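Each chain is listed here by its residues.
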Amino acid sequence: MNLETPAETTPLALIQGEPLKELPQDLYIPPDALEVFLDTFEGPLDILLYLIKKQNMDILNIPIAEITRQYIKYVELMKEIKLELAAEYLVMAAMLAEIKSRMLLPRSTENLDDDEDPRAELIRRLQEYERFKTAAEDMEQLPRMGRDTFIAQIDHSECQSQVSYPDVSLAEILQAMQEVMKRADMFTHHHVQKEQLSVRERMGLVLEKVNQHNFIDFHTLFSLEEGRAGVVVTFLAILELVKISLIEIVQAEPYRNIHVKAVSQ
Amino acid sequence: MKLSDQKLKNIVEASLMAADSPLSVEQLLNLFEEDNRPSRFAIKSSVEQLQTEYENKGIEIIQVASGFRMQVKAELSAWVSNLWEEKPGKYSRALMETLAIIIYRQPVTRGEIEDVRGVTVSSAIIKTLIEREWIRVLGHRDVPGKPAMFGTTRQFLDYFNLKSLDQLPTLAAIKDFDCV
Amino acid sequence: MKLSDQKLKNIVEASLMAADSPLSVEQLLNLFEEDNRPSRFAIKSSVEQLQTEYENKGIEIIQVASGFRMQVKAELSAWVSNLWEEKPGKYSRALMETLAIIIYRQPVTRGEIEDVRGVTVSSAIIKTLIEREWIRVLGHRDVPGKPAMFGTTRQFLDYFNLKSLDQLPTLAAIKDFDCV
């Protein structure tokens, strides 16, 4: 019950119309790993460096015809397995072809010094890339936080972050009030009364003492230690609060205790 | 190879310091390979030794529900907490004006402040002033929506070294005041 | 009241342990109120004393670009790293090469990085490097398009345990083609 495997007759890929039955000889990798392998190249310079290293070529004296042939083989392979092929790979292929053709031209006899080797620019770029590639590899060896070094950081939840507030001077507040009044004057005929701030302050204190649910004794709002002036201020504050209906005063019958209560909500 | 007591103690110390949360004896035991794992007793005794060593230092090892934790000693928090001190910015003009209106018009609702200023008063401003403990809610006005009425606090007076609001100039005086 | 040397040392110790990032001498000085501030010399000498005290312990105080930092001694990493089940991810070669070019060529534009690498540098790589706070924009080159110029940060140095860029190996020399 043997089944014929058609694998042997299926070409790996078609390159320039020719079926490719075998992988290039310098690819010593199983075919299923090919994609991963090609994917790990970081660009055309990276492939070239790989080819140079692999065959122990001298970077300063690259056999351009040979390297071009191998490079193009890789690029075709990448195309075949539909690897996303950046334009840079094709640009490099063109550049290699150009260098190859220029190498074939006879060198001019005059101006020998100026006549640069067509490979010079490529070699410079390869070396330039290689030094950073090496630097990046070296950096892998540096101790890193979280991988090689662990920071000692102990609990500090008890140390509340300090909230510090901006400083404000009284003059700034007065100036702000002056601004408010100036503007208010412009829009309305705001009547600025001469009023005693102590009454306003006391209004707040009285309001705080009374609440909506319980009546409190009128006389408990006064403190005799404050003297006559204090009693007057409190009394004015209570009258003012009654006037703007924030509190109400209740007396059940004449001569009975007077009670104060916040206006019910 | 058995770990020396010193090395065991150092591993426990370093782990407690590096960990993001308290470590139980089990968690500490699990740091070691099975064939090299110290006893529970050895771990506990390392922790105890460390606690003694840190007695006169700036940090301490305490035991909480989920294990041992290293923390800054409470007596140093006054200094250490300065690490996270936020630099104060300046208060906005809107805040200063709101404060001024509350001082002079208390008890006053947000709506009334807006009437005077002619613009909306943001909740953030009211929140800042309440957090700073310069204003407080005195009660609620008996109108639809029951808006809160704000007034100044004792802390406000203390900050500005005032005995009472009376010591502030009157509105009439401010009006004629030649401000800087 | 002057702080005792012991207390000063304890504050420095606790702060170094509690801080989220390395602390400079300036930052340590700023933990103290002005009228109670120790000298720079006193701070430095506290750090040195602590370094001595920690010699036989599991952690050490090292100096990186932005200041002093407490960390687990390298010899204990094998155990302490077991605290975290997940090992930190690896960075791609593309990212590391881009970073290397920025380190050695700063200030450098994306176009210049691409020239060296021979391929496009993805925006994702630049974004990751900026988010990690390893690189930042130093300015813009005065050419069409005004491309951003990138350089490394202090945080980059801190991450790789470096005090300054000088500590990195020098780049390999380029062999001169004419010398063959």
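Not measured: the values here are computed from a predicted model. (Residues numbered from 1 in each chain as written. Chains lettered and ligands numbered in written order. Predicted model: local features only at pLDDT ≥ 70, side-chain atom pairs only at ≥ 80, totals over all residues. Heavy atoms only, no water.)

(A) Layout of the overall build of chain B. When helices and strands are counted, chain B shows 9 helices and 5 strands. The N-to-C order of helical and strand elements in chain B reads α-α-α-β-β-α-α-β-α-α-β-β-α-α. Looking at chain B as a whole, 49% of its 180 residues are labelled buried. Within chain B, counting contacts between residues at least 6 apart in sequence, those at least 24 apart form 45% of the total. Total accessible area on chain B is roughly 9,100 Å²; 50% of this is exposed by carbon and sulfur atoms. (Helix = DSSP H or I, 4+ residues; strand = E, 2+ residues; numbered from the N terminus. Buried < 20%, exposed > 50% of the residue type's maximum accessible area, 1.4 Å probe, protein only. Contact = heavy atoms within 4.5 Å. Areas by Shrake-Rupley, 256 points an atom, 1.4 Å probe, with all protein chains shown as cover.)

(B) View of the packing of helix α1 (residues 5-18) of chain B against helix α3 (residues 40-53) of chain B. Residue and element names in this part refer to chain B. Relative to each other, α1 and α3 sit at 75°, their axes nearing to 9 Å. Classed by the angle they form, the pair α1 and α3 counts as roughly perpendicular. Between α1 and α3, the contacting residues are Leu8, Lys9, Val12 and Glu13 on the first element and Ala42, Ile43, Ser46, Val47, Gln49, Leu50 and Glu53 on the second. Residues that form the contact of α1 with α3 fall into these classes: 6 nonpolar, 2 polar and 3 charged. (Axes fitted to C-alpha atoms, helices over the stretch in contact; angles between N-to-C directions. Parallel < 35°, antiparallel > 145°, perpendicular 65-115°, else oblique. Nonpolar A, V, L, I, M, F, W, Y, C, P; charged D, E, K, R; others polar.)

(C) How the structure looks around the layout of surface pockets. Here the largest pocket is characterised by a volume of approximately 740 Å³. Taken together, 37 residues form the lining of the largest pocket, with A:Met145, A:Ile151, A:Gln153, B:Ala18 and B:Asp20 sitting closest to its centre. Each residue belonging to the lining of the largest pocket can be placed in one class, and the counts come to 19 nonpolar, 8 polar and 10 charged. (1 Å grid on protein atoms, 1.4 Å probe; cavity = no way out; pocket = protein on both sides within 12 Å on 5 of 7 lines; lining within 4 Å. Points joined across faces, edges and corners; volume = space filled by probe spheres on them.)

(D) Inspection of the interface of chain A and chain C at higher detail. Opposite the 40 residues of chain A that make contact, chain C presents 48 residues. Of the roughly 3,900 Å² buried at the junction of chain A and chain C (both faces included), carbon and sulfur atoms supply 64%. Inspection of the chain A/chain C interface yields 4 salt bridges. A salt bridge links A:Glu128 to C:Arg105; the shortest N-O distance between them is 2.5 Å. Seen at the junction of chain A and chain C, the total is 14 residue pairs in polar contact (both at pLDDT 80 or more). For the side of chain A that touches chain C, the element with the most residues is helix α5 (residues 120-141) of chain A, which contributes 15 residues. (Buried area = accessible area lost by both parts, 1.4 Å probe. Salt bridge = Lys/Arg side-chain N within 4 Å of Asp/Glu carboxyl O. Polar contact = N/O pair within 3.5 Å; in protein donor to acceptor, adjacent residues only side chain to side chain.)

(E) Structural detail: the confidence of the model for chain B. Of the residues in chain B, 97% have a pLDDT of 70 or more, and the chain-wide mean is 88. At the level of chain-chain contacts, confidence expressed as ipTM amounts to 0.68, with global pTM at 0.66. (pLDDT = per-residue confidence, 0-100.)

(F) Quick peek at the sheet that holds strand β3 (residues 108-109) of chain B. All names here are of chain B. Strand order in the open sheet formed by 3 strands is β3-β5-β4, and the pairing between neighbours is antiparallel. Each of the sheet's edge strands pairs with one partner strand only, and the pair in question is β3 and β4 (135-140). In this sheet, strand β5 (residues 148-152) lies alongside β4 in antiparallel orientation, the contact comprising 5 bridges. Looking across to β5, one finds that Ile135 is bridged to Thr152. Lying over the sheet, helix α5 (residues 93-105) contacts β3, β4 and β5, oriented at roughly 90° with respect to β5. (Pairing = 2+ DSSP bridges.)

(G) Spotlight on the side chain of B:Lys57. Relative to the elements of secondary structure, B:Lys57 occurs in the loop between α3 and β1 (59-64). In this structure the side chain of B:Lys57 is engaged in a polar contact, spanning 2.7 Å, whose partner is the side chain of C:Glu13. When sequence neighbours within four positions are dropped, the list of residues in contact with B:Lys57 reads B:Lys73, C:Asn10, C:Glu13, C:Leu50, C:Glu53 and C:Tyr54.

(H) Region of the structure containing the pattern of salt bridges. Scanning all chains against the criterion turns up 39 salt bridges over all chains. Residue A:Arg102 pairs with A:Glu98 through a salt bridge whose shortest N-O separation is 3.7 Å. Of this pair, A:Arg102 and A:Glu98 both sit in helix α4 (residues 87-104), separated by 4 residues, roughly a single helical turn. Residue classification places A:Arg102 among the partly exposed positions, given a relative accessible area of 39%. Residue A:Glu98 is classed as partly exposed on the basis of its relative accessible area of 43%. Note that B:Lys57 is salt-bridged to C:Glu13, the shortest N-O span being 2.7 Å. Of the two residues, B:Lys57 is situated in the loop between α3 and β1 and C:Glu13 in helix α1 (residues 5-18); the pairing between them involves two chains. The class of B:Lys57 is buried, set by a relative accessible area of 13%. By relative accessible area, which is 0% here, C:Glu13 ends up buried. Through salt bridges with shared partners, a single network forms among A:Glu42, A:Asp46, A:Lys133, C:Arg93, C:Glu97 and C:Arg117.

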